[in-house]
Structures are given as structure tokens and as C-alpha cells.
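# Reading the structure
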Amino acid sequence: MKRISRILFPLLLLTLLLGGCATTKVPSGEEGAGGGAGGAGGMGSAETSAATAGGSWSGSPLEDPNSPLYQKVIYFDFDSSEIKPEFLPVLRAHADYLIRTPSAHVMIEGHCDERGSREYNIALGWRRANAVKEFLEAEGVSPLQLETISYGEERPAVPGHNEEAWAKNRRAVLDYQ
Amino acid sequence: MKPLLQLFLLLLVLGAQAGRAELVIEITEGVEGALPIAVVPFRWSGDPASPPPQKVGRIVAADLHRSGYFKPLPESQMLAFPATTAEVDFRDWRALKQENLVIGEIAPNGPGGYKVNFKLFDVYKGEQLMGYSFATTARDLRSVAHHIADLVFETLTGKPGAFATRIAYIVSEGTIEKPRISLRIADSDGHNSQVIVSSSEPLMSPAWSPDGRKLAYVSFENGRPSIWIQEVFTGKREKVTSFKGINGAPAWSPDGRFLAMCLSKDGDPDIYVMDLARRKLRRLVRHWAIDTEPAWSPDGRYIVFTSDRGGSPQIYRIPVTGGKAQRLTFENGYNARASYSPDGKLLTFITRVGRQFRIAVMDLARGSTTVLTDGSLDESPSFAPNGSMIIYATRYRGKGVLAAVSTDGRVKQRLATQSGDVRDPAWSPFYQ
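Residues numbered from 1 in each chain as written. Chains lettered and ligands numbered in written order. Predicted model: local features only at pLDDT ≥ 70, side-chain atom pairs only at ≥ 80, totals over all residues. Heavy atoms only, no water.

## Points about the domain arrangement of chain B
What the domain assignment reports for chain B is domain 1 (24-157) and domain 2 (166-427). Distance between the C-alpha centres of domain 1 of chain B and domain 2 of chain B: 35 Å. (Domains from an automatic or database assignment.)

Below, the structure is given as C-alpha cells:
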């Protein structure tokens, strides 16, 4: 899916440009759920309708490097599941997107660095994933669109056994399905 | 001729693969004043052209050496190679300053069978301390050697040996994007490594049933964590839990009837106890904090677990019947993954010292804690069934390896495979 999106993204961008809608910023919710559900959102939400118009364009705004939706990973401090303020705009963008795209479904993965015990890290990863889920729900996302799984320290993003690697592994990942 | 050659090559390849998976044990620190002992190579009395497939005497010597309690005499320094009492001249061994002597013989015993006998002597008194004879097969020769080591160890130290036991552990191979994870078991000396289950998804937390015949473990093979119980000897297995959220940290009760675990199905990670026969769950610990990593006391009355209810992970204890949880650890900001020694007097767990994660033991009667290891990412400690050693996971030269340390911290050994990261060890109970 990601690979397809990578190929399709330039096409989408071209379409958007031709359609006179150069902006890839998500309009702040004025389209509501109707646009997404109907699959024909109109001018201001070209990317939203594209996202829900069927298989081929699905997830495209999520692949736009200029969109806050492009970022699907947020990072945590050691032994903490507190969402850092710097990641709130990213999560709010995802919340908006999910609200406007009720067909979208996210698996929120919680991960930890390798330090400490493995099963405690499963619980810590669970708590990180849950912190993200609760934030999105508080922003108005339907719980039915959200699922969580914790991998603890079992699925590191990067190898390495230093603070730099650990910082990249203490994360929650929004995996759109 | 050609097919035969191909078969031979295939066997070579298979042999090489089996060899790669073996754990190699290195003694990193031994006890000063370890007992000198001479283990003479066991004499084969059958056809010299087809000797037994295992060097039993050498396995015995290696076991004793690995314990840290003994210093076996190198074969090259031996003056004689007796195999019977009549052939023993104690003066030879006194001259070499050996306190004890082990001799043995292996004889053919029907098709594919062997008879192994051994004797243990006190060199200075010049008398036999014990002697046994075993009938066995090629497949079980290593196991007989470990039993002999157990008998020698117990006779000379007064403590039961744990050489004829096994370890279960997780090996991760491949790349970070495409890992190959396997749960394996091996003899306590690292030989006879066998894959029990393998997956491209995480496998975790192997736990032996008290009779050593089953392993409970966590598998993400269906994309989500589930607890499985697998029969070690038949490979038969069943899924025990597959609830929404966490299904983790399985721990058998000492009588094998219950499995404690961590589930988050009712909101938070909490400790549950399952009656295995009736598949009935009871929520033992209910708290908004993280509660996980249950472990039973050997008398079956208590469960210790990790909780961050006080703001950081610490060890707590609760009666199995329920009630108030009592906090056991107060030093250091991170204590987790506790388990009891077989006599119930000690707890081993991970503790954070500065920025390092190390293995500690707590004397429960005194409340005093000792840090046993000096790594920076040590985890998953598990007692040997005789309580003499703790096996744990650590890192060495950029790889995950297993290591063991004596409960007094004086003996250290490292176990390593040649490929992959090794972790999450669990030492088996004694086999009944």
C-alpha cells in the first residue's frame, strides 16, 4: 500500500494542481463527515474525496510530505506515556482527518526502547498507544476507528544500543489500515 | 555414487546448521579455590571402530567446571587412565594434588544400547564415595553424562546438581525489518538446541510448567499477542488466551493447576489467575496502574509482580487469595521482573543502578539487596532449579547473549550462539 501510494502521490499532486487546488493543507473540518462519507466533498476537500473515492487514492493525503498527516510517529520520554506538546498539532491533524474520513481505520502501535523488562515494556507500550487513542477520542474521533496494540521492545524501529536509538524506539505509530 | 554424494553433502549442510545453533559456554569468572578433580576419559570396551557418539567423561568434566565449584584436571596432565578400581593408583592422583577422582567405562548393551558405569573416589582417603551404572541409548548419552555430573556435584557439595536440566530462550535472527524469531530449548550446557516454535512475529516470555513438560509463552503470530501452552515432547499446543489488548507474562503455579498472567481486557494491565482445568479467570490485582510480571512463591501462597502504582516500576507482593499488595523494593528508581528462588528465601529481579540495568537478589528475611551483575542491559533473570545460579539475558560485543551468575555473584559464565540475538531465558525445573 505504501509503495503504491508513493507512485500515486505525484499523480495525485498533478490532479490537485490541474484541479486548481494546490493546497494540500487539511481544511479545518468545515466539510464535516458528510464530505468524506459521500465521497464527493467538493472543491475545498479534493484530498478528502480522493482519500475515500475508492481503492486507488486511498490514504494519499497521509502520504503528502507537506501535510501534518505525513507524520505518523510520535516519540516519548523514558518510562513515560505523556504526549509531548510538540506532537499535539500532528495528533490533532490526524483527529481531523479521521473525523472527516469515517472509513479510515488506524491501528495505534505502542513501542518502547530496549531498557528495562520486556513484559513491563509491553504494558508501557500499551499505555503509550492508549494515551494516543484517548487523545484522539477526546478530539472527537469515533472509538470504532481506533485500535491499539503494544509491541513493547520487541519491534524496534532502529537497531543500536544508545540514547539516539532508544529515543527513536520509544514511540507510538499510527498505522492506517 | 552421485546420489550418495549428494546425501553426504546434505548431511554436511544439516550438520553445519545444527552446529550453528549450539550455545557455547564460556566461564568468565570462577570461584577461587575451586575443588581440584580428575575426570578420567571413560573407557569404551566395545568395537574400537565404532566408539560411542559422546565423550561422556568430558561432558562430566565440562559440567563440573561450568559450575565454578570445580577445577577439572586437563587430560594432558594425567599420568594414567584407569577405568576400573583395580587400575587406580591413588599415588598418581595425590602427586597431581587432586582431591577427587572420577573413572568410568562404557560397554555395548544390545543393539544401539550402552551401559555406562562410573565411580567417584576420595583420593586422600583412598576410598570410593559412590558408583552407579546406567543402561542407555546413543540419544541419551549426553543426558546420562549430565546425571553423573549431578551425582558427583551433590556428593561433594551437598547441593543437588542442575546439569540434567534445560533452558528455554528466544533467538532473533534476520534483519530489523524481517526478523525470524524462534523459541528454543537446549540442555543446560547449551547443547541439543531445538526449535520449539518459530515466527516472523514476536515470541516472548517462555515459562516452564512445574513438571518441565510444558512451556507457556506469548506469541504475536496472529498479529496480536496470545498466550499458548505447548507440550515440549510432542509439540502439541493450544491457545490459552487471546483477549483484546495485552495477553502476557504467563507464570505457572507450583502445582501446575493455575496460570497467572497479565491481561488488559478490562481496562488496565492487571494480574489474573486462570484455573487451567476449568479455564476460569480471576482478577487478582485490580489497579489503574501497570500491574504485570506475576511470579508465584514456591509455597504457592503469594504472587510477586511489577507495578508502577508508586510512580516507578517496583516489586509488590500479594496473597494468592487476594488482599492488600505490599511493596518490597524501595532502592533505585526501577525494579521489575521478580521471581523467587526455589527455597523461597530470595527474589531475583532487574534493578537500575545509575543508568545501568542489572540483576539483583533480595534476601527476603533481611530485606537486603545485592546487585550481582555488571552489564548495562541485563534482564530476564531466572533461577536454576537447585538455586545455585541465575540465568539472565545481557549484551556482549553488540549481541544479545545469555549469561549465568551464582547467587553469591562469585561465579559467572556466558552462553552465546554464533548467530542471532539470544534473550528471555527460563531455566527448567528438575525432571521428575
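So that's the structure; there's more coming.
## Examining the packing of helix α2 (residues 56-66) of chain B against helix α4 (residues 141-157) of chain B
All names here are of chain B. Interaxial distance between α2 and α4 falls to 8 Å at its minimum, and their mutual angle equals 45°. In terms of axis orientation, α2 runs oblique to α4. Here α2 and α4 pass one another in a crossing that is right-handed. Between α2 and α4, the residues in contact are V56, I59, V60, D63 and L64 and L141, R142, A145, H146, I148, A149, V152 and F153, respectively. Considering only residue class, the contact of α2 with α4 consists of 10 nonpolar, 1 polar and 2 charged. (Axes fitted to C-alpha atoms, helices over the stretch in contact; angles between N-to-C directions. Helix = DSSP H or I, 4+ residues; strand = E, 2+ residues; numbered from the N terminus. Parallel < 35°, antiparallel > 145°, perpendicular 65-115°, else oblique. Left-handed = near helix turned anticlockwise from the far one by under 90°. Contact = heavy atoms within 4.5 Å. Nonpolar A, V, L, I, M, F, W, Y, C, P; charged D, E, K, R; others polar.)

## Describing the side chain of H146 of chain B
Positionally, H146 of chain B belongs in helix α4. Here H146 of chain B is in contact with I59, D63, F163, A164, D187 and D189 of chain B, once residues within four sequence places are set aside.

## What to know about the interface of chain A and chain B
Taken residue by residue, the interface counts 30 residues in chain A and 39 residues in chain B. Both faces combined, the contact of chain A with chain B buries some 2800 Å², and carbon together with sulfur accounts for 59% of it. Where chain A touches chain B, the interface holds 6 salt bridges. For the interface between chain A and chain B, the tally reads 11 residue pairs in polar contact (both at pLDDT 80 or more). Per element, the largest residue contribution to the side of chain A that touches chain B is 9 residues, and it comes from helix α5 (residues 118-138) of chain A. Split by residue class, the side of chain A that touches chain B holds 14 nonpolar, 5 polar and 11 charged. (Buried area = accessible area lost by both parts, 1.4 Å probe. Salt bridge = Lys/Arg side-chain N within 4 Å of Asp/Glu carboxyl O. Polar contact = N/O pair within 3.5 Å; in protein donor to acceptor, adjacent residues only side chain to side chain.)

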